[in-house]
Amino acid sequence: PGPFNREDMHVSNGTFSNDGNRFYFTRCKRNKKNKTICAIYVSTKEDGEWSEPVSLGPQINDSEYSNTQPTLGTEAAKNREIIYFVSDREGGKGGMDIWYTTYDSKKKVYKAPLNAGAKLNTPGDDITPYYDWDTKTLYFSSDGWTGLGGLDIFKTSGEMKKWSTPENMGTPLNSSYDDLYYTLNKTTKETGLFVSNRELKGSLGAGIHCCDDIFAFQ
């Protein structure tokens, strides 16, 4: 329930603030050049109802580039909310990069986005970030780091521009196909979900590898 979905746009990649009172998501549509452009929106819960979503502003949602896949973390020093997201904007390391913006709760503004740095981003695509608040670990998928093939899931610890060297999550989580959208169950960290186009018994795209399925892991 809420004023999120629209008939003329793709709506996806929803994520909540830690207190559950802000909901971030993306709206995407094709521009005149037939390029899909995504923009990040936020809705606030007020008296149990979700407000009309508003854009995070032109600094984050540059109309020439796609900005999508938000995930939330916190800045250790000032406990400010950090929104990590994916963009192909200028100033990156190549392909899709992970960027971030900090939220000023007093002024209710989002600061100019910064690239998460070469410790994290590669000349390839670095996408679908998921930040685990409890362990300060960022999970993401990349075809730029050494992997098993296609997009592999990696993990790194840190914040903003300071990260440990990304570690490949290995098999059986990763495969020679695309593995992405890793998320953990917030109550039982031993379980979670991810997306893959691998061939596996029961997968609807078995033998084709054209399509993504959702998988659970323990």
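Residues numbered from 1 in each chain as written. Predicted model: local features only at pLDDT ≥ 70, side-chain atom pairs only at ≥ 80, totals over all residues. Heavy atoms only, no water.

## Things to note about the environment of Glu 46
Turning to step 1, where the next piece is worked out: For Glu 46, the location among the structural elements is in strand S3 (residues 36-46).
Turning to step 2, where the next piece is worked out: Judged by its relative accessible area of 47%, Glu 46 falls in the partly exposed class. (Helix = DSSP H or I, 4+ residues; strand = E, 2+ residues; numbered from the N terminus. Buried < 20%, exposed > 50% of the residue type's maximum accessible area, 1.4 Å probe, protein only.)

## Let's talk about the side chain of Arg 198
Turning to step 1, where the next piece is worked out: With respect to the helices and strands, Arg 198 occurs in the loop between strand S17 (192-196) and strand S18 (213-217).
Turning to step 2, where the next piece is worked out: Of the residues examined, Arg 198 reaches a relative accessible area of 11% and is grouped as buried.
Turning to step 3, where the next piece is worked out: Among the polar contacts listed, one links the side chain of Arg 198 to the side chain of Asp 179, at a separation of 2.6 Å.
Turning to step 4, where the next piece is worked out: A polar contact of 3.0 Å, which involves the side chain of Arg 198, links it to the side chain of Ser 196. (Polar contact = N/O pair within 3.5 Å; in protein donor to acceptor, adjacent residues only side chain to side chain.)

## Side note on the pattern of salt bridges
When the charged atoms of two side chains lie near each other, side chains of opposite charge can form a pair.
Turning to step 1, where the next piece is worked out: Taken as a whole and assessed by the stated rule, the structure comprises seven salt bridges.
Turning to step 2, where the next piece is worked out: For Arg 6, the salt bridge identified is with Asp 8, shortest N-O distance 2.9 Å.
Turning to step 3, where the next piece is worked out: What makes Arg 6 partly exposed here is its relative accessible area of 35%.
Turning to step 4, where the next piece is worked out: Residue classification places Asp 8 among the partly exposed positions, given a relative accessible area of 48%. (Salt bridge = Lys/Arg side-chain N within 4 Å of Asp/Glu carboxyl O.)

## Description of the state of the cysteines
Turning to step 1, where the next piece is worked out: Here the structure, examined in full by the defined rule, presents one disulfide.
Turning to step 2, where the next piece is worked out: Each disulfide pairs two cysteine sulfurs, and for Cys 28 the partner residue is Cys 38, the sulfurs being separated by 2.1 Å. An S-S torsion of about 110° defines the bridge between Cys 28 and Cys 38 as right-handed. Here Cys 28, found in strand S2 (residues 22-30), pairs with Cys 38, found in strand S3; they are ten residues apart in sequence, far enough to count as distant. Across the pair, exposure class does not vary: Cys 28 and Cys 38 are buried alike. (Disulfide = S-S within 2.5 Å.)

## Let's talk about the pairing of S2
Turning to step 1, where the next piece is worked out: Where burial is concerned, most of S2 is hidden: seven out of the nine residues are buried.
Turning to step 2, where the next piece is worked out: As paired strands, strand S1 (residues 10-16) and S2 are joined by five bridges and run antiparallel to one another. Counterpart to His 10 in the pairing with S2 is Cys 28.
Turning to step 3, where the next piece is worked out: Turn length for the S1-S2 hairpin, with the two strands adjacent in sequence and antiparallel, is five residues, and the turn residue Gly 20 shows positive phi of about 75°.
Turning to step 4, where the next piece is worked out: Where S2 lies against S3, nine bridges are found, and the strand directions are antiparallel. Of the residues in S3, the one forming a bridge with Arg 30 is Thr 36.
Turning to step 5, where the next piece is worked out: The antiparallel pairing of S2 with S3 creates a hairpin that spans five residues between the two strands, and Asn 34 there sits at a positive phi of about 65°. (Pairing = 2+ DSSP bridges.)

## Quick look at the sheet that holds strand S16 (residues 179-184)
Turning to step 1, where the next piece is worked out: On the basis of which strands lie adjacent, the open sheet formed by three strands has the order S16-S17-S18 and antiparallel pairing. In this open sheet, the two edge strands, each paired with only one partner strand, are S16 and S18. For this sheet, the mean inter-axis angle between neighbouring strands, taken without regard to orientation, is 20°.
Turning to step 2, where the next piece is worked out: Note that S17 and S18 share five bridges and pair antiparallel. Residue pairing in the sheet places Ser 196 in a bridge with Asp 213 of S18. (Axes fitted to C-alpha atoms, helices over the stretch in contact; angles between N-to-C directions.)

## A short note on the nonpolar core
Turning to step 1, where the next piece is worked out: Formed by 18 residues in total, the largest nonpolar core has its most connected members in Tyr 84, Ile 98, Leu 120 and Trp 163.
Turning to step 2, where the next piece is worked out: Mapped by element, the contributors of at least two residues to this core are strand S7 (81-87), strand S8 (97-104), strand S11 (126-132) and strand S12 (137-142).
Turning to step 3, where the next piece is worked out: A total of three residues in this core trace back to one element, the largest contributor, which is S7.
Turning to step 4, where the next piece is worked out: Each residue touching Trp 163, except ones within four places of it in the same chain, is listed here: Tyr 84, Ala 116, Lys 119, Leu 120, Tyr 131, Leu 138, Thr 156, Ser 157 and Gly 158.
Turning to step 5, where the next piece is worked out: With twelve residues, the next largest nonpolar core counts Leu 72, Ile 83, Trp 99 and Tyr 110 among its residues. (Core = buried A, V, L, I, M, F, W, Y, C linked by side-chain atoms within 4.5 Å. Contact = heavy atoms within 4.5 Å.)

## Section: the layout of surface pockets
Turning to step 1, where the next piece is worked out: Of the volumes computed, that of the largest pocket is approximately 550 Å³.
Turning to step 2, where the next piece is worked out: Around the largest pocket, the lining comprises 27 residues; the ones closest to its centre are Gly 14, Thr 15, Thr 71, Tyr 130 and Thr 183.
Turning to step 3, where the next piece is worked out: Every element with two or more residues in the lining of the largest pocket is listed here: S1, strand S6 (67-74), S11, S16 and S17.
Turning to step 4, where the next piece is worked out: Here the lining of the largest pocket takes five residues from S11, the largest share from any one element.
Turning to step 5, where the next piece is worked out: Residues belonging to the lining of the largest pocket are distributed by class as follows: 15 nonpolar, eight polar and four charged. (1 Å grid on protein atoms, 1.4 Å probe; cavity = no way out; pocket = protein on both sides within 12 Å on 5 of 7 lines; lining within 4 Å. Points joined across faces, edges and corners; volume = space filled by probe spheres on them. Nonpolar A, V, L, I, M, F, W, Y, C, P; charged D, E, K, R; others polar.)

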